[in-house]
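Residue-level structure breakdown
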Amino acid sequence: ICCVRVSPAGGSLTKLAYYSTVQHKVAKVRSFDYSGKDTEQDHEPPYEISVQEEVTARLHFVKFENTYIEACLDFIKDHLVNTETKVIQATGGGAYKFKDLIEEKLQLKVDKEDVMTCLIKGCNFVLKNIPHEAFVYQKDSDPEFRFQTNHPNIFPYLLVNIGSGVSIVKVETEDRFEWIGGSSIGGGTFWGLGALLTKTKKFDELLQLASRGQHTNVDMLVQDIYGGAHETLGLSGNLIASSFGKSATADQEFSKEDMAKSLLHMISNDIGQLACLYARLHCLDRVYFGGFFIRGHPVTMRTITYSINFFSKGEVQALFLRHEGYLGAIGAFLKGAEQDNPNQYSWGENYAGSSGLMSSSPELCPTQRARSGTFDLLEMDRLERPLVNLPLLLDPSSYVPDTVDLTDDALARKYWLTCFEEALDGVVKRAVASQPGSVDAAERAEKFRQKYWNKLQTLRHQPFAYGTLTVRSLLDTREHCLNEFNFPDPYSKVKQKDNGVALKCFQRVVSALDALDWEERQLALVKGLLAGNVFDWGAKAVSDVLESDPQFGFEEAKKKLQERPWLVDSYSKWLQRLKGPPHKCALIFADNSGVDVILGVFPFVRELLSRGTEVILACNSGPALNDVTYSESLIVAERIAAMDPVIHSALREERLLLVQTGSSSPCLDLSRLDKGLAVLVRERGADLVVIEGMGRAVHTNYHAALCCESLKLAVIKNSWLAERLGGQLFSVIFKYEVPAE
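Residue indices begin from 1 for each chain and proceed along its sequence in written order. At least 70 in pLDDT is required for a residue's local features to be given in this predicted model, at least 80 for side-chain atom pairs to be given and counted, and no such filter applies to totals for whole chains, interfaces and linings, which use all residues. With hydrogens and water excluded, all non-hydrogen atoms of the structure serve as input to the side-chain values.

Moving on, we come to the overall build of the protein chain. Of regular secondary structure, the protein chain possesses 26 helices and 25 strands. The C-alpha radius of gyration of the protein chain comes to 29 Å, within 12% of the 27 Å expected for a compact globule of 741 residues. Its C-alpha atoms give the protein chain principal-axis dimensions of about 95 × 70 × 45 Å. We call a residue buried when its accessible area falls under 20% of the maximum for its residue type, exposed when it is over 50%, and partly exposed in between, using a 1.4 Å probe and counting protein chains only. For the protein chain, buried positions account for 57% of its 741 residues. Here the protein chain has roughly 31,600 Å² of accessible surface; of this, 50% comes from carbon and sulfur atoms. Counting rule applied: Lys, Arg positive; Asp, Glu negative; His and chain ends not counted. Where a charge sits is defined by one atom per residue type, namely NZ (Lys), CZ (Arg), CG (Asp) or CD (Glu). Of the side chains in the protein chain, 81 bear a positive and 95 a negative charge, and the two mean positions are spaced by 1 Å. By the criteria applied, helices consist of DSSP H or I runs no shorter than four residues and strands consist of E runs no shorter than two, each listed in order from the N terminus. Atoms counted for the radius of gyration: C-alpha only. Globule rule: 2.2 Å times the number of residues to the power 0.38. Working definition of accessibility: Shrake-Rupley area with a 1.4 Å probe, residue cover restricted to the visible protein chains.

The next thing to look at is the state of the cysteines. Only a pair of cysteine sulfur atoms within 2.5 Å counts as a disulfide in this structure description. Scanning the entire structure with this criterion turns up zero disulfides. Cys 123 carries a free sulfur, and the closest cysteine sulfur to it, the one in Cys 118, is 13 Å from it. Its relative accessible area of 0% is what places Cys 123 among the buried residues. Cys 667 provides the cysteine sulfur closest to Cys 481, a residue in no disulfide bond, and the two sulfurs are 16 Å apart.

Moving on to the nonpolar core. Grouped together as the largest cluster of nonpolar side chains are 101 residues, with contacts concentrated most on Leu 474, Trp 574, Phe 602, Leu 656 and Phe 734. The leading source of residues in this core is helix H21 (residues 595–610), at 10 residues. A contact between two residues is defined here by any heavy atoms of the two lying within 4.5 Å. Setting aside anything within four residues of it in sequence, one finds Phe 602 in contact with Phe 506, Val 597, Leu 617, Val 636, Ala 637, Ile 640, Ile 647 and Leu 656. Grouped together as the second largest cluster of nonpolar side chains are 45 residues, Tyr 137, Leu 209, Met 259 and Phe 320 included. Only buried Ala, Val, Leu, Ile, Met, Phe, Trp, Tyr and Cys residues count toward a nonpolar core, and they belong to the same one when joined by side-chain atoms within 4.5 Å.

Where the residue is not glycine, phi is negative for most of them; where a peptide bond is considered, it is trans in most cases. Going from Phe 155 to Pro 156, the amide bond is cis rather than trans, its omega being -10°. Positionally, Pro 156 belongs in the loop between strand E7 (145–147) and strand E8 (157–162). Even without glycine at this site, Lys 199 takes up a positive phi of about 65°. Within the secondary structure, Lys 199 sits in the loop between helix H5 (187–198) and helix H6 (203–212). Relative accessible area serves as the criterion here: at 65%, Lys 199 is assigned to the exposed category. Non-glycine residue Glu 654 carries a positive phi angle of around 60°. Among the secondary structure elements, Glu 654 is positioned in the loop between helix H23 (645–652) and strand E21 (656–660). Residue class for Glu 654 comes out partly exposed when judged on its relative accessible area of 45%.

Before going further, it helps to examine the sheet that holds strand E25 (residues 731–737). Strand order in this open sheet of seven strands is E18-E25-E24-E23-E19-E20-E21, and the pairing throughout is mixed. Strands with a single pairing partner mark the edges of an open sheet, and in this sheet they are strand E18 (568–569) and E21. Note: two strands are recorded as paired if DSSP finds a minimum of 2 bridges between them. Alignment of strand E19 (residues 585–589) against strand E23 (residues 688–692), held across four bridges, turns out to be parallel. Each bridged residue has a counterpart across the sheet, and for Ala 586 the counterpart in E23 is Leu 688.

On to the UniProt feature "domain: Damage-control phosphatase ARMT1-like metal-binding" (unreviewed entry) in the protein chain, then. UniProt positions are given in the numbering used here, feature names are shortened, and annotations may be inferred rather than shown by experiment. In this numbering, the UniProt entry assigns the feature "domain: Damage-control phosphatase ARMT1-like metal-binding" (unreviewed entry) to residues 422–728. Its end C-alpha atoms 21 Å apart, residues 422–728 is made of 54% helix and 11% strand.

Tracing the chain through its elements places His 282 in the loop between helix H8 (256–281) and strand E13 (286–290). In this structure His 282 comes out as partly exposed when scored by relative accessible area, which is 23%. Counting along the chain gives 112 residues from His 282 to Lys 170, while the straight-line C-alpha distance between them is 8.3 Å. Once residues lying within four places of it in the same chain are set aside, the contact partners of His 282 are Lys 170 and Ile 180.

Here we take up helix H12 (residues 410–422). Working rule for helices: expected span equals 1.5 Å times residues minus one. Taking 1.5 Å as the rise per residue, H12 with 13 residues should run 18 Å; its terminal C-alpha atoms sit 18 Å apart, in good agreement. Within the span of H12, buried status applies to Ala 412, Arg 413, Trp 416, Leu 417, Phe 420 and Glu 421. Considered in projection along H12, the buried side chains sweep an arc of 165° and stay on one side of the axis. With respect to the buried face of H12, the exposed residues turned more than 90 degrees away are Leu 411, Lys 414 and Glu 422. Where H12 is buried, its residues meet helix H13 (424–433), helix H14 (441–461), helix H15 (471–484), helix H25 (694–699) and helix H26 (719–724). The directions considered for the arc are those from the helix axis to the C-beta atoms.

Each domain span listed reflects an automatic or database assignment of domains. Domain boundaries in the protein chain define domain 1 (3–131 + 327–384), domain 2 (135–218 + 254–321), domain 3 (410–485) and domain 4 (491–737). The distance between the C-alpha centroids of domain 3 and domain 4 comes to 27 Å. Contacts between the two partners involve 13 residues from domain 3 and, on the opposite side, 19 residues from domain 4. By convention, the term buried area covers the 1.4 Å-probe accessible surface removed from two parts as they join, with the contributions of both added. Carbon and sulfur atoms make up 61% of the surface buried where domain 3 meets domain 4, a total of about 1,400 Å² over both sides. One side-chain nitrogen of Lys or Arg within 4 Å of one carboxyl oxygen of Asp or Glu is enough to make a salt bridge. On the surface where domain 3 and domain 4 come into contact, there are one salt bridge. Measuring nitrogen to oxygen at the nearest pair gives 3.7 Å for the salt bridge that ties Asp 669 to Arg 472. Pairs of N or O atoms are called polar contacts if they sit within 3.5 Å, as long as, within protein, a hydrogen donor faces a hydrogen acceptor (for residues adjacent in sequence, only side-chain-to-side-chain pairs). Across the contact surface, domain 3 and domain 4 share two residue pairs in polar contact (both at pLDDT 80 or more). Among the secondary structure elements, those contributing two or more residues to the side of domain 3 that touches domain 4 are H12 and H15.

Secondary-structure assignment places Leu 513 in helix H16 (residues 492–514). Sequence-wise, Leu 513 and Glu 607 are 94 residues apart; in three dimensions their C-alpha atoms are separated by 9.9 Å. Those residues in contact with Leu 513, other than ones at most four positions away along the chain, are Arg 521, Ala 524, Leu 525 and Pro 603.

Below, the structure written as structure tokens:
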């Protein structure tokens, strides 16, 4: 399926949307068949790993300059049109202008889609699938973009599309919307009057002029009429009383810049007031602005924001969209693909293949750029399973997964970007080592290095490129880049070895725990969880130790832990709670493979089961660093069950359930979890959530408010972060929280 959105004759961009299937490698794990074998052979790994090809769906959205429409059509012809394609979806005013050219070049019938339907379908799609899609513009902030957390229910909202004129549409559901008003005074008016006043024919050049202008030279202000503020009406002296008011009486020439700025204010204020009145009339507080008048231009976003803020007295926010320019193309694609029902899936932005806001296009060779002009890209990968909110979030609409916003915090941003740059050599080395039989592993790893390095440099200069910049987004971008160059699981062999070693110690560890009295055992279990959490190959302080000392094990890790009282220490409160009735069901988010999950998490799970608590153990769907995956956890649980009757009977009776999170990240976003997990949490009445590890409990979810009891625990394995939190390397976070009654 392929769709083209072409801007009207005045516009300058063609948007292309197409669907492809991407073949990439995945690491699969499988239990050995132990029939007739001695399972305790020391040299034997606990399971086998095989690399297989997997096909996933990807949506591509490309923006070309209209000048290069023929190159765009060549691209479609070369890559997309197969013998079964008979129709191409096209939308936008330019679909009419270029209809004959498209049909002649591609030998296909053009099916013109309704522009407004496409825009709204596209808007719904990005708001549902891209968490940091919407932002407010704050002119005095650095950077000016402030991203919003998507509300779990995106409806209702107002869409103000500023093209040649203005259309104002109220969107109530996926399929129900109505045009409630508009104006003939829009982007075309600014362009047309601007061309008459300044003799400048290009829209972007007009905006450039406006950005350098001083509107007070042309506009009449309140103070020009009253000598200051109008106290009775509460109007400040610097408000515009009359756009272009001074030009009627002044005997002078006005600069192009000043006239362009005055014109921009006049039209933006008019649109802002109109949008504000409609929002109030229909009781809507979410107003999204789009159209070629906006197109990411700071100067138009600033004037619209000021206008909305002024007329609504701060009650209505002007919201803009990162992918505003793609809405029509996305909508046309979705309309053309309705029989495949793309809306039944969840989609995720692929950072490796997307340009980002206000960024140049990803690595294009000069010849390609010369042929197609400047363009940028957005790629969305179809996720295997639909993602939803964790039902236990106290207020999903205010939940923010990330603890620190690096877009805001310049000091933290500088530190973490440098940290990821310095770790790059180690990641490349690990990626090559994970594929010893591959002849091109070193070459692919070098391409990965270059791509990720370039992403980090983009984020240094434009931290807002992919929404709010966080440690999570830096980690996820790295995983996306590794996947792009076919390194699906660089730590698979490390995890296999660590799991094998830890399984051999399991019985000794639980026997020692069982020998302790009840109170001693509870502390030992928590210390075991924390010691297990030390084994994180993503932390340099730990990977350095693990690389240099292969004998470093569970007992050594316990000695590394901070002595009590810990940096954050609610252990006494937790112990007191354990003396009360058992929890009905605990949801545990596991972190690392090996010692962490086998000697830390499973003994803790075993104790909860013995108390009469059911347990849902949630692990990543896909690999990230040395985190345990769902498929690895199944094998680990099977091996432990063979040694331990408590785990064995709990699995058999479904009192212990292993599930996948729907994530392939070292962090945790509780607003995008596997739907099956959410259903299970509801069915079993989970009343305790345990989140362990620095990525899941510190970088994310440290401030997450839940409507049930929660345990967040981690060992701080980064000295800069430890210092920032007021502690030292290997400080302990043990945060037990009970929701307010």
